[in-house]
Amino acid sequence: MCDTLVAVTDDGLLLGKNSDRDVNEAQGLHWYAAAEHPPGAVVRCTWSTIAQAPRTFGVLLSQPWWMWGAEMGANEHGVAIGNEAVFTRDAPRPRTGSELLGMDLLRLALERAVTADEAVELIVSLLERHGQGGSCSHERSRYSHDSSFLVVDTDRAWVLETAGTAWATEPVTGPGRSISNGLTIADFARRHAHRTREQFARCGPRRARTERAAALARGPGDVMAALRDHDGPVPRWSPVTGALGAPCAHAGGAVVSSQTTAAWVSDLRSAPQHWATGTAATCTATFLPLPVGEAAAGLAESAPGVRPLRNVFDADHRWWRHELLHRLALRDLSTALPRFGQERDALEAAWLSAAPDELPGPAEAAEVVDAAEARWLADLRAADLPDRRASWLRAMWSRLDGAAHLPGAEHEAAS
């Protein structure tokens, strides 16, 4: 499950998104440079191969480890997109072998579009030509869904919602707009929405909160705060749906167990400036300042000598190193967050107030955050906070930690 919002301010547009996915589905930040492609070239997407464009633009993406497409990202022309899973009543569609995931459509649009208008047109054209389909989860091969998108540039924003190859668009007029895991364009929703699945996704309460926050946002810091919202000081867990009632989602449900695995903010009020966590759990994560350009290559998960990001613990990757802090803090968030939250907020505030040419490069910013998180983790370990979660929640997280081979998981399971 996910949430994406756009704020229309007097100075321009802001986009924010939490990507909610399977708990151990690590998500990395990747820069792909612009490229020329020869006639007849093809591109291998997640499940299918389609014709390549003559030229693709440089894109910065937040990608689940196993997927060609992306949950969110931006390109060198200032277009940024976030996508959502939506659940529709449309009958199952026969496979043709060329279907695209919604995440593939997002990346293809960023690689090929100069404006938000062009990106919407590209998604629609690709959708009508290829359809959408295929597994949307590495852990659950039968899980699939349709998609919705918030597409923005420095001048305008669009909501695009789909059901199979059907689609509808709506311009964003402000002051705030958000999408979640249910269809929101009224006539289209009446024809296609699957209300039962939307209720289990708890998209209504989350969308209400993000749309209010979007209407009030004046800068990227406000969007970051909206993405960290728990609807209270700590998450409210349900044995059925986990902590899905607010944008900062935490797993724990027997029916739906989705986790915020990455977060993104785009400030498009002037020269585009992007911010991303590159880690799970927005409440414990730190947003890094990210340019779209070659400077972002320092964050690439595919750097020489680094093992590929996967769904098991690997200390080479920031996403998994952060999980040591995040999952220890989960034992008692109400006590753990105040121990490092103020320092994290001060670090972000300093970057948010800096001029663009004063911001650290992505690699330098990541080193600063890594050092801070190492201190915070050491402090939490020394504090040895008791685990205040319900027994069923502790047992679930113990299984998830074990599946990821997280250090100490065997000890936790034995105790």
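Colleague: Can you help me understand the overall build of the protein in this one?
Modeller: The secondary structure content of the protein amounts to 11 helices and 17 strands. Here the C-alpha radius of gyration of the protein, 20 Å, is about what a compact globule of 415 residues would show, namely 22 Å. Along the three orthogonal principal directions, the C-alpha set of the protein runs to about 60 × 50 × 45 Å. Out of the 415 residues belonging to the protein, those deemed buried represent 59%. Counting contacts in the protein only where the partners sit at least 6 residues apart, residues at least 24 apart contribute 68% of the total. Total accessible area computed for the protein in this model is approximately 16300 Å², and 53% of it derives from carbon and sulfur atoms. Separation of charge centres in the protein, based on 41 positive and 52 negative side chains, amounts to 7 Å.

Colleague: What's the story with a nonpolar patch on the surface in this structure? I'm lost.
Modeller: A cluster of nonpolar side chains, contributed by F200, V240 and V255, occupies part of the molecular surface with about 250 Å² of accessible area. Its place among the elements puts V255 in the loop between α6 (220–227) and β15 (259–268).

Colleague: Is there a simple way to explain the pairing of strand β12 (residues 157–163) in this structure?
Modeller: On any regular strand, side chains alternate: one points to one face of the sheet, the next to the other face. The buried fraction of β12 amounts to six of the seven residues, a majority that puts the element mostly inside the structure. Across five bridges, the pairing between strand β11 (residues 146–152) and β12 is antiparallel. Residue V152 lies in a different strand from β12, and its bridge partner there is A157. Joining the antiparallel neighbours β11 and β12 is a turn of four residues.

Colleague: Would you take a moment to explain the sheet that holds strand β9 (residues 72–75) for this structure?
Modeller: The pairing of strands in a sheet comes from backbone hydrogen bonds and takes either a parallel or an antiparallel form. Pairing in this open sheet of seven strands is antiparallel, and the strands run β3-β8-β9-β10-β11-β12-β13 from one edge to the other. Of all strands in the sheet, those bounded by a partner on one side alone are β3 (27–32) and β13 (166–171). Geometrically, the sheet is characterised by an average inter-axis angle of 20 degrees between neighbouring strands, direction not taken into account. Sheet analysis places strand β10 (residues 80–86) next to β11, joined by seven bridges and oriented antiparallel. Paired with N83 across the strands is F149, a residue of β11. Packing against the sheet, helix α1 (residues 102–112) makes contact with β3, β8 (59–64), β9, β10 and β11, and its axis sits at approximately 165 degrees to β10.

Colleague: How should the packing of helix α8 (residues 333–353) against helix α9 (residues 362–383) be read in this particular structure?
Modeller: A pair of packed helices is captured by two measures, namely the crossing angle of their axes and the spacing between those axes. The interhelical angle for the contact between α8 and α9, taken along N-to-C directions, is 165 degrees, at an axis separation of 10 Å. With respect to each other, α8 and α9 are oriented roughly antiparallel. Note on packing geometry: the crossing formed by α8 with α9 is right-handed. On α9, the residues touching A336, R339, F340, E343, R344, L347 and W351 of α8 are A365, V368, V369, A372, R375, W376, D379, L380 and A383. Considering only residue class, the contact of α8 with α9 consists of 11 nonpolar, no polar and five charged.

Colleague: Is there a simple way to explain unusual backbone geometry in this structure?
Modeller: One can expect most non-glycine residues to show negative phi and most peptide bonds to be in trans. Cis geometry marks the peptide bond from G174 to P175; its omega dihedral reads 0 degrees. Considering the arrangement of structural elements, one finds P175 in the loop between β13 and β14 (176–179). For A281, which is not glycine, the phi dihedral falls at a positive 55 degrees. On the basis of relative accessible area, A281 is assigned to the buried category, the value being 0%. Of note in this structure, H405 is not a glycine but carries a positive phi near 55 degrees.

Colleague: Explain helix α2 (residues 116–130) here, please?
Modeller: A turn of α-helix holds 3.6 residues, and therefore any two residues three or four places apart point the same way. A rise of 1.5 Å per residue sets the reference length of α2, with its 15 residues, at 21 Å; its end C-alpha atoms lie 21 Å apart and thus fit the reference within 8%. A116, A119, V120, I123, V124, L126, L127 and H130 are the residues of α2 that are buried. Along α2, the residues classed as buried sweep out an arc of 165 degrees about the axis, all on the same side. Turned more than 90 degrees off the buried face of α2, the exposed positions are E121, E128 and R129. On the buried face of α2, the contacting elements are β6 (49–51), β10, α1, β11, β12 and β13. Of the residues trailing α2, G131 is marked for its positive phi of about 75 degrees.

Reading the values: rules and limits
- Residues numbered from 1 in each chain as written.
- Predicted model: local features only at pLDDT ≥ 70, side-chain atom pairs only at ≥ 80, totals over all residues.
- Heavy atoms only, no water.
- Helix = DSSP H or I, 4+ residues; strand = E, 2+ residues; numbered from the N terminus.
- Rg over C-alpha atoms; globule rule 2.2 N^0.38 Å.
- Buried < 20%, exposed > 50% of the residue type's maximum accessible area, 1.4 Å probe, protein only.
- Contact = heavy atoms within 4.5 Å.
- Areas by Shrake-Rupley, 256 points an atom, 1.4 Å probe, with all protein chains shown as cover.
- Lys, Arg positive; Asp, Glu negative; His and termini not counted.
- Charge placed at Lys NZ, Arg CZ, Asp CG, Glu CD.
- Patch = residues over 30% accessible without salt bridge, like charges linked within 9 Å, V, L, I, M, F, W, Y side chains within 5 Å.
- Salt bridge = Lys/Arg side-chain N within 4 Å of Asp/Glu carboxyl O.
- Pairing = 2+ DSSP bridges.
- Axes fitted to C-alpha atoms, helices over the stretch in contact; angles between N-to-C directions.
- Parallel < 35°, antiparallel > 145°, perpendicular 65-115°, else oblique.
- Left-handed = near helix turned anticlockwise from the far one by under 90°.
- Nonpolar A, V, L, I, M, F, W, Y, C, P; charged D, E, K, R; others polar.
- Expected span 1.5 Å × (residues − 1).
- Arc of directions from axis to C-beta.

On their own, these measurements won't tell you what the molecule is for.
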